[in-house]
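Chain by chain, the residues:
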Amino acid sequence: MAGTPAPSAALPPDYISAEKLATAGDMWEEYLVGPDSGSDPAKWQTRIVFPLA
């Protein structure tokens, strides 16, 4: 996705401050693919959400 840093390019707090954004509440994790849907950890996916103000 254009404009979105690669996971290794920047930690979210660095990106948030660099873009002069503000968080609005606590972050959370969504487990999209995990142990309940497959035993291969290489295929597990987690979405980390930082709500912005």
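Please read all numbers here as calculations on a predicted model, not as lab measurements. (Residues numbered from 1 in each chain as written. Predicted model: local features only at pLDDT ≥ 70, side-chain atom pairs only at ≥ 80, totals over all residues. Heavy atoms only, no water.)

Attention now moves to the overall build of the chain. Across its full length, the chain holds one helix and two strands. Beginning at the N terminus, the succession of helices and strands in the chain can be written as α-β-β. As presented, the chain carries roughly 4,400 Å² of accessible surface, and 58% of it is formed by carbon and sulfur atoms. (Helix = DSSP H or I, 4+ residues; strand = E, 2+ residues; numbered from the N terminus. Areas by Shrake-Rupley, 256 points an atom, 1.4 Å probe, with all protein chains shown as cover.)

Here the focus is the pattern of salt bridges. Counting across every chain of the model gives one salt bridge. Glu30 serves as the salt-bridge partner of Arg47, at 2.7 Å between the closest nitrogen and oxygen. Of this pair, Arg47 sits in strand S2 (residues 45-49) while Glu30 sits in strand S1 (residues 28-33), and the two are 17 residues apart along the sequence. Residue Arg47 is classed as partly exposed on the basis of its relative accessible area of 42%. (Salt bridge = Lys/Arg side-chain N within 4 Å of Asp/Glu carboxyl O. Buried < 20%, exposed > 50% of the residue type's maximum accessible area, 1.4 Å probe, protein only.)

The next point concerns the confidence of the model for the chain. The predicted model of the chain averages 81 in pLDDT, with 79% of residues at 70 or higher. Ranking the elements of the chain by mean pLDDT puts helix H1 (residues 12-18) last with 82 and S1 first with 91. (pLDDT = per-residue confidence, 0-100.)

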